Amino acid sequence: MSEKSSLYPELIRAIKPATGTLGVLLPGLGAVATTLIAGVHLINKGLAQPHGSLTQMQRMRLGKRTNPRFALIKEVVPLTDLNDLVFGGWDIFPENAYQIACHAGVLSRELLDQVKDQLESVRPWPAVFEQAYVRRLSGPHLKSGPSKKHLADMLIEDIEAFRRREGIERAVMVWCGSTEVFMQPSPVHETIEAFEAGLKANAPEISPCMIYAYAAISAGVPFANGSPNLAVDIPALVEYARKRRVPIAGKDFKTGQTFLKTVVAPGLKAKMLGLTGWFSTNILGNRDGEVLDDQGSFRTKEVSKSSVLGAILQPELYPDLYGQVFHKVRIEYYPPRGDAKEGWDNIDIFGWLGQPMQIKINFLCRDSILAAPVALDLALFLDLAQRSGLSGIQEWLSFYFKSPMARADLKPEHDLFIQHLKLTNTLRILVGEEVLDHSGLDYYESGDAYRAGMGGV
């Protein structure tokens, strides 16, 4: 850091321009992926607005409050234009993106028909899939090979064929597939040598999501994990990503109920209000709900959703306030709702003199409508990271995840507001702008402040 404490000149990056086309690879061409693809084409035609997307709509402050500039994020850093995105992906069903989007029912047929040609041109490639990892799904559109290493090589060939066909040099991969059964790290996940040996030996500890992550890194493609699956967060693939100079991020898109938790919990902690219990339940009826109706997949999601409160509230520091919190999470499959998810939260809190109070939240949200702009931002930011020479874990993208990745010796940050400041400050650092700390002291204690008559006694 320089003498001027808000500047980090040594961290400024020479960012390569976002020239040409960016390929966006989507394992799992379901409701989220097709809502993303349809949305981008509708926006490019001037038929919709990119609501929910920081890369497209958010302005960030540059400079001091006495001389502020407010610029769109996409004006501060060179991001790929939405007109320069081309999509490809894999799925266990062979239908094209238009057919899948119609079946998902997230967007109206009237909207989808306006980009029908663009959606129909996206036909999924056969997927790497094994029902043992997602028990409630099965499909005919699958790759087969004698080993998981062969399957990984097939994915790499799909990526290279996509690059050749579309004439692109840059690509990113954002996992939009289903939640796999709960897995814990094992010896095969420890080193890249052990992992590659496991691929060749068809190790059951290596899931399809891990195979996609490995293939992406092998092809030099940044990877984001939008599910709670154990995947790119294993030591082997973290090491591999650093070695290959590939940015990675994850895991589990932060969209509905957990998004609200990362808003409310920091507020309770900031006010030193105690918490005795937080009960969360959801109903949803899309494919995600069907998958999570299996206890193995639900356990994976439960761990991801449950990790948030402890990290924010820090019960080890505040045992009187948060040392005895009862936190329960439920997800119920309810087909009539489709992609329209409803979440209920009952929050039992206490304040001055231990007196009890309650907060009730009823969030009627749309899963894919919330997730699509998250997937878009991650694709654009990961491409920016690679053009900036960044690699390995991109902790500054924690804002988008329920279970954000961090260096092994660091605890991940879950507070949404700290995550957002981390994201925007990283962008400021990359282009040589001053970071914000919001202390405000320099406005009142500096020489300029005294001359203006604002200083203290």
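Above this text is the structure in question.
Residues numbered from 1 in each chain as written. Predicted model: local features only at pLDDT ≥ 70, side-chain atom pairs only at ≥ 80, totals over all residues. Heavy atoms only, no water.

Caption draft 1: Molecular detail of unusual backbone geometry. Between Gly250 and the following residue, Lys251, the backbone shows a cis peptide bond with an omega angle of 0°. Note on placement: Lys251 falls in the loop between strand 8 (247-250) and helix 11 (257-270). In this structure, Met272 takes a positive phi of about 55° despite not being glycine. Within the secondary structure layout, Met272 lies in the loop between helix 11 and strand 9 (274-284). (Helix = DSSP H or I, 4+ residues; strand = E, 2+ residues; numbered from the N terminus.)

Caption draft 2: Inspection of the packing of helix 8 (residues 192-200) against helix 9 (residues 208-218) at higher detail. Here helix 8 crosses helix 9 at 120°, and the two axes come no closer than 12 Å. Comparing the axis directions of helix 8 and helix 9 gives the class oblique. For helix 8 against helix 9, the interelement crossing comes out left-handed. Contact residues: Ile192, Phe195, Glu196 and Leu199 in helix 8; Met210, Ile211 and Tyr214 in helix 9. Split by residue class, the contact of helix 8 with helix 9 holds 6 nonpolar, no polar and 1 charged. (Axes fitted to C-alpha atoms, helices over the stretch in contact; angles between N-to-C directions. Parallel < 35°, antiparallel > 145°, perpendicular 65-115°, else oblique. Left-handed = near helix turned anticlockwise from the far one by under 90°. Contact = heavy atoms within 4.5 Å. Nonpolar A, V, L, I, M, F, W, Y, C, P; charged D, E, K, R; others polar.)

Caption draft 3: The packing of aromatic side chains, seen in detail. Taken as a whole, this structure holds 10 aromatic pairs when the rule is applied. When the ring of Trp175 is compared with that of Tyr212, the centres are 5.4 Å apart and the planes differ by 65°; the resulting orientation is edge-to-face. Pair noted here: Trp175 is in strand 6 (residues 170-175) and Tyr212 is in helix 9, with a separation of 37 residues, a long-range link. Here Trp175 matches Tyr212 in class, with each residue buried. Ring plane angle 85° and centroid distance 5.2 Å describe the contact between Phe399 and Tyr400, whose orientation is recorded as edge-to-face. Judged by its relative accessible area of 3%, Tyr400 falls in the buried class. Three or more aromatic residues link up through ring pairs in this structure, and these residues are Trp90, Trp125, Phe162, Trp175 and Tyr212. (Phe/Tyr/Trp six-rings, centres within 6.5 Å; stacked < 30°, edge-to-face > 60°. Buried < 20%, exposed > 50% of the residue type's maximum accessible area, 1.4 Å probe, protein only.)

Caption draft 4: Expanded view of the sheet that holds strand 1 (residues 22-27). In spatial order, the strands read 5-4-1-6-7-8-13; together these 7 strands make up an open sheet with parallel pairing. Edge positions in the sheet fall to strand 5 (125-126) and strand 13 (392-393), since each has one partner strand and no second. In this sheet, strand 13 lies alongside strand 8 in parallel orientation, the contact comprising 2 bridges. Following the sheet pairing, Pro247 is matched in strand 13 by Gly392. Each of strand 1 and strand 4 (85-91) touches helix 1 (residues 31-44); the most contacted strand, strand 4, lies at about 160° to it. (Pairing = 2+ DSSP bridges.)

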